Amino acid sequence: SSRGTRLEQLIAEWNNTGRLSAADVAIGGKRIAVLTTSGDSRVKVSIGDLTDRIAMLQDVRGRVSLMKRDLEALMIYVHGSPQ
């Protein structure tokens, strides 16, 4: 689509809100490591980073919920339509 894939849409949204920058995505930078690390003692994570991570996970959760809703509607339509 002209808006891009779901992942591209999320990344664009995170760029717009300042949670991620285009440079982070382009070079796979430190910011992505900070936002995605899980217990790596070499990566220092601040409270702000955790706040951003929570917000980004909520964004993903919202997108998944919308996808599930749409899939449910499709399944009801397909199941309910005459064969």
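Check the entry above for the structure.
Draft legend 1. Representation of the environment of glycine 48. Tracing the backbone shows glycine 48 in helix α4 (residues 47-80). Through-space distance from the C-alpha of glycine 48 to that of arginine 19 is 9.9 Å; in sequence the pair is 29 residues apart.

Draft legend 2. View of the pattern of salt bridges. The tally for this structure, following the rule as stated, stands at three salt bridges. For glutamate 13, the salt bridge identified is with arginine 63, shortest N-O distance 2.7 Å. Remark: arginine 63 occurs in helix α4 and glutamate 13 occurs in helix α1 (residues 6-17); sequence separation between them is 50 residues. On the accessibility criterion, arginine 63 (23% relative accessible area) is partly exposed. The residue arginine 19 makes a salt bridge to aspartate 52 at a minimum N-O spacing of 2.7 Å. Of this pair, arginine 19 sits in the loop between α1 and α2 (22-27) while aspartate 52 is found in helix α4, placing the two residues 33 residues apart along the sequence.

Draft legend 3. Summary view of the packing of α1 against α4. Look at α1 against α4: their axes get within 11 Å of each other, and the N-to-C directions meet at 145°. Our pair here, α1 against α4, has a crossing hand that is right-handed. Every residue of α4 that contacts α1 at Arg6, Gln9, Leu10, Glu13 and Trp14 is listed here: Met56, Asp59, Val60, Arg63 and Met67. Residues that form the contact of α1 with α4 fall into these classes: five nonpolar, one polar and four charged.

Draft legend 4. Region of the structure containing the layout of surface pockets. Taken as a whole, the largest pocket holds about 230 Å³ of empty space. What lines the largest pocket is Leu7, Ile11, Trp14, Leu20, Ile32, Leu35, Thr36, Arg53, Met56, Leu57 and Val60. Secondary structure elements with two or more residues in the lining of the largest pocket: α1, α3 (30-36) and α4. Sorting elements by how many residues they give to the lining of the largest pocket places α4 first, with four residues. Of the residues contributing to the lining of the largest pocket, the split by class is nine nonpolar, one polar and one charged.

Draft legend 5. Fine view of α1. For α1, built from 12 residues, the straight-helix expectation of 16 Å at 1.5 Å per residue is met to within 8% by its first-to-last C-alpha distance of 17 Å. Taken together, the buried positions of α1 are occupied by Gln9, Leu10, Ile11 and Trp14. Note on α1: the residue one or two positions beyond its end, glycine 18, has a positive phi of about 85°.

The rules behind these values
- Residues numbered from 1 in each chain as written.
- Predicted model: local features only at pLDDT ≥ 70, side-chain atom pairs only at ≥ 80, totals over all residues.
- Heavy atoms only, no water.
- Helix = DSSP H or I, 4+ residues; strand = E, 2+ residues; numbered from the N terminus.
- Salt bridge = Lys/Arg side-chain N within 4 Å of Asp/Glu carboxyl O.
- Buried < 20%, exposed > 50% of the residue type's maximum accessible area, 1.4 Å probe, protein only.
- Axes fitted to C-alpha atoms, helices over the stretch in contact; angles between N-to-C directions.
- Left-handed = near helix turned anticlockwise from the far one by under 90°.
- Contact = heavy atoms within 4.5 Å.
- Nonpolar A, V, L, I, M, F, W, Y, C, P; charged D, E, K, R; others polar.
- 1 Å grid on protein atoms, 1.4 Å probe; cavity = no way out; pocket = protein on both sides within 12 Å on 5 of 7 lines; lining within 4 Å.
- Points joined across faces, edges and corners; volume = space filled by probe spheres on them.
- Expected span 1.5 Å × (residues − 1).

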